[in-house]
Amino acid sequence: MGIVGLHGAVAKVIRIPVGENVPERPLLIDGAFELGSAERFAILNPATGAPLDSVASASPDQIDAAVAAAVRAQRSWWASPQPARSAVLHAVAAEVLQRKEDLADVVTLETGRPYARNLLYVDMFADLFRQYAELARVHGGRIAPSNEAGQLSLVVRVPYGVVASLIPWNYPLLLLAFKVAPALATGNTVVIKPASETTLTTLILAKVFAATTPPGVVNVVAGSGRTVGEQLVRHPATDMVAFTGSTEVGAGIGAICGQMAKPAHLELGGKDPAIVFDDADPNLAAKAVVWAAFLNAGQVCTSTERVYVHHSVYDRFVDRVVELTTQLQVGDPFDPGTQIGPMRNERGRAKVLEQLAAAQASGAKVLAGGVIPEGSAGFYLQPTVVVDVDHDMELMQEETFGPVLPIMAFGGDDEAFALAADTPYGLGASCYTDTPDRVRRAYEELTVGTVWVNDPVVDNLAAPFGGMRASGNVRELGLEGMDAFTSTRHVHWNMRLEDKPWWYGDVE
Ligand code: NAD
């Protein structure tokens, strides 16, 4: 098991100043930078467990001001010609690329994910803004057939208005862009609240938006979910909530929005299965599954969290998974040799260790990892492979959101699909096979938003992404991800005022 840079100095010089001695952490409200005027909260470095920085939260008045600014700005933003809005989105893309390395540094510090991937995510952020700048140019409504000659039935797409965007910590750039790019492209304005853990990253993005978007179109506030986030959800002037995060928090937000009849777009947790059929090369499938389970230390909503393997290839598959897992380089996310960084926080690691201990108490066997690397600071956990699991274990039912890969054998296809479907979640599923009928069964029988075949956990920005059941209710990305930020309005237009036979008769 490789451990790189865990005890040495950080392998890279950070250009962005961080730490208690850097007091300026302004929010963006109505185009102006403003320090939060409520309590400060600390941000810890996941690789060391030590304080990284602290930020002052937005006060209730500042949140009101951010929403009011978004309301004022929305009318003129929506009224501006589409090419002008698209030009602004292109400017955001160009500006974010100017800050690529600063952003990658800070995302690495705040998430613990290896640096090289964070560079990639800055590029994807820019790509998303460019994609929606261009799609919005051709995104329109339709003309429905009319009741009568001389009429037009226009179905126009209209923005919701002000979108409260609540973002989780695991992909602070991408998941923000999934929402904010299509929301802006279609004429909405936004108030963004990042997860506390990744506030610094988002405050750099605030500078990008301040340099490119008209005042009030994008506002960034910070603070805890329960205070700042919930005020945005309950605010009478936010017209919709776009939330990505845990199922538990999302369900609460959905309940509040339900009472207000406010649209709530919920992208929630997952427990994605993978099925390795007997026609798949077990060595290659093992490589793919190890990637899908341990990317971002297993803290991806679509991480492979349970694997079902045909018994005829089970032994070869498990041996290869263990071999690959024990070779993974766990370490300092700034070290170019590191493949797996720390988990984000102690709470998350404790939950994973609890699930593991309970599974072991019920007979599960750990074949690799399962421990905190010796002498490590921060929130590291060795990538873990578990066998002899059964389906009643929490490890097989609840989201783990950590570097743990439980593996089970199956006998026939019916059993494999039944096990994969035995979950309250419905985000994604992957299968490894060259048999078309198995692919058909996967997309017909699994209640999920995405099915990956032989290439797991890959985003295609042009195609929709999202969950079903406990994993959510909306699609982001693709054309569907733009439709999601518009409502439709019907204009029934009789092109001349003329008498209708069903109107009450004339009064003498
Ligand atoms: P979280 O639910 O704790 O928080 C998400 C966001 O909501 C944060 O900004 C948080 O501050 C805010 N929030 C928390 N409580 C709130 C409340 N009562 N009212 C309003 N806002 C509130 O999630 P997290 O720990 O940041 O992220 C991890 C979770 O996100 C995992 O469950 C993961 O599966 C899920 N996730 C889902 C997707 C997806 O697309 N389906 C993508 C990434 C992460």
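K.L.:
Can you walk me through helix H6 (residues 199-212) in this structure?
P.N.:
For the α-helix, the turn length of 3.6 residues means that residues three or four positions removed from each other point alike. For H6, built from 14 residues, the straight-helix expectation of 20 Å at 1.5 Å per residue is met to within 8% by its first-to-last C-alpha distance of 20 Å. Taking burial as the measure, the 14 residues of H6 include 11 buried ones, the bulk of the element. Of the residues making up H6, those classed as buried are Thr199, Leu200, Thr201, Thr202, Leu203, Ile204, Leu205, Ala206, Val208, Phe209 and Thr212.

K.L.:
Looking at this structure, I do not really get the sheet that holds strand S7 (residues 151-159). What am I missing?
P.N.:
Across a sheet, strands are paired by hydrogen bonds formed along the backbone, either parallel or antiparallel in direction. Sheet architecture is open: three strands sit in the order S6-S7-S21, paired in antiparallel fashion. Every interior strand has two partners, whereas the edge strands, strand S6 (142-144) and strand S21 (486-494), have only one. Within the sheet, the average angular offset between the axes of one strand and its neighbour, ignoring direction, is 30°. Relative to S7, S6 is paired through three bridges, and the arrangement is antiparallel. Residue pairing for S7: Arg142 is matched across the bridge by Val155.

K.L.:
Looking at this structure, how should I read the site of the ligand?
P.N.:
Around the ligand, a shell composed of 26 residues is seen, among which Ile167, Lys193, Ser246, Leu268 and Glu399 lie nearest. Contacts to the ligand include Ser246, whose side-chain N or O atom sits 2.7 Å from an oxygen atom. Alone, the ligand offers 850 Å² of accessible surface; in the complex the protein occludes 89% of this. Where the shell around the ligand is concerned, the elements lending two or more residues are helix H7 (225-234), strand S11 (240-244) and helix H8 (247-260). With three residues, the single largest contributor to the shell around the ligand is H7. Counted by class, the shell around the ligand contains 15 nonpolar, seven polar and four charged residues. Summarising the domain contributions, the shell around the ligand has at least three residues from each of domain 1 (10-268 + 472-490) and domain 2 (272-453).

K.L.:
It is not clear to me how the sheet that holds strand S17 (residues 384-387) should be interpreted in this structure. Could you clarify?
P.N.:
Taking strand neighbours across the sheet as the criterion, the seven strands line up as S16-S17-S18-S14-S13-S19-S20 in an open arrangement whose pairing is mixed. Taken across any chain shown, the strands that pair with only one partner, and hence form the sheet edges, are strand S16 (365-368) and strand S20 (450-453). The sheet shows a mean angle of 25° between the axes of neighbouring strands, direction not considered. As paired strands, S17 and strand S18 (residues 404-410) are joined by three bridges and run parallel to one another. Within S18, the residue paired with Val386 across the bridge is Pro406. Contacting strand S13 (272-276), strand S14 (304-310) and S18, helix H13 (residues 413-421) crosses the sheet at an angle of about 145° to S18.

K.L.:
Help me out: how do you make sense of the state of the cysteines in this one?
P.N.:
Disulfides are covalent bonds that link the sulfur atoms of two cysteine residues. This model, assessed by the stated rule, comprises zero disulfides. Residue Cys301 stays outside any disulfide, its sulfur separated by 18 Å from that of Cys431, the closest cysteine.

K.L.:
Hey, could you run me through the confidence of the model for the protein chain in this one?
P.N.:
For residues with low pLDDT, the predicted coordinates do not support detailed interpretation. The predicted model of the protein chain averages 95 in pLDDT, with 95% of residues at 70 or higher. Across residues 1-9, confidence stays below pLDDT 50; counting only partners more than four residues off in sequence or on other chains, it has 31 contacts.

K.L.:
Even after reading the chapter, I still don't get the packing of aromatic side chains, so can you show me in this structure?
P.N.:
The description of an aromatic ring pair rests on the distance of the ring centres and on the angle between the ring planes. Scanning all chains against the criterion turns up eight aromatic pairs. Relative to Phe129, the ring of Phe125 lies with its centre 4.9 Å away and its plane at 25°, an arrangement referred to as stacked. On the criterion of helical spacing, the pair formed by Phe125 and Phe129 is a turn pair, its members being four residues apart in helix H4 (residues 115-137). Residue Phe129 is classed as buried on the basis of its relative accessible area of 0%. When the ring of Phe178 is compared with that of Phe465, the centres are 6.4 Å apart and the planes differ by 70°; the resulting orientation is edge-to-face. Of this pair, Phe178 sits in helix H5 (residues 174-185) while Phe465 sits in the loop between S20 and helix H15 (480-483), and the two are 287 residues apart along the sequence. For Phe178, a relative accessible area of 2% gives the class buried. Look at Phe465 and you get buried, because its relative accessible area is 8%. Each member of the aromatic cluster is reached from another via a ring pair, and the members are Phe125, Phe129 and Phe209. Note that Arg113 overlies the ring of Tyr171, its terminal NZ or CZ placed 4.4 Å from the centroid.

K.L.:
What should I look at first to understand the pairing of strand S19 (residues 428-432) in this one?
P.N.:
In regular strands, side chains alternate between the two faces of the sheet. In terms of residue burial, S19 counts as a mostly covered element, since five of its five residues are buried. Summarising the sheet, S13 and S19 pair through three bridges and their orientation is parallel. What sits directly across from Ala274, in S19, is Ser430. Where S19 and S20 come together, four bridges link them in parallel fashion. Following the sheet pairing, Ala429 is matched in S20 by Val451. One crossover worth recording links S19 to the parallel S20 by way of helix H14 (residues 436-445), and it is right-handed.

Procedures and definitions
Residues numbered from 1 in each chain as written. Predicted model: local features only at pLDDT ≥ 70, side-chain atom pairs only at ≥ 80, totals over all residues. Heavy atoms only, no water. Helix = DSSP H or I, 4+ residues; strand = E, 2+ residues; numbered from the N terminus. Expected span 1.5 Å × (residues − 1). Buried < 20%, exposed > 50% of the residue type's maximum accessible area, 1.4 Å probe, protein only. Pairing = 2+ DSSP bridges. Axes fitted to C-alpha atoms, helices over the stretch in contact; angles between N-to-C directions. Near = heavy atom within 4 Å. Polar contact = N/O pair within 3.5 Å; in protein donor to acceptor, adjacent residues only side chain to side chain. Areas by Shrake-Rupley, 256 points an atom, 1.4 Å probe, with all protein chains shown as cover. Nonpolar A, V, L, I, M, F, W, Y, C, P; charged D, E, K, R; others polar. Domains from an automatic or database assignment. Contact = heavy atoms within 4.5 Å. Disulfide = S-S within 2.5 Å. pLDDT = per-residue confidence, 0-100. Phe/Tyr/Trp six-rings, centres within 6.5 Å; stacked < 30°, edge-to-face > 60°. Lys NZ or Arg CZ within 6 Å of the ring centre and 35° of its normal. Right-handed = clockwise from strand over helix to strand, strands pointing away.

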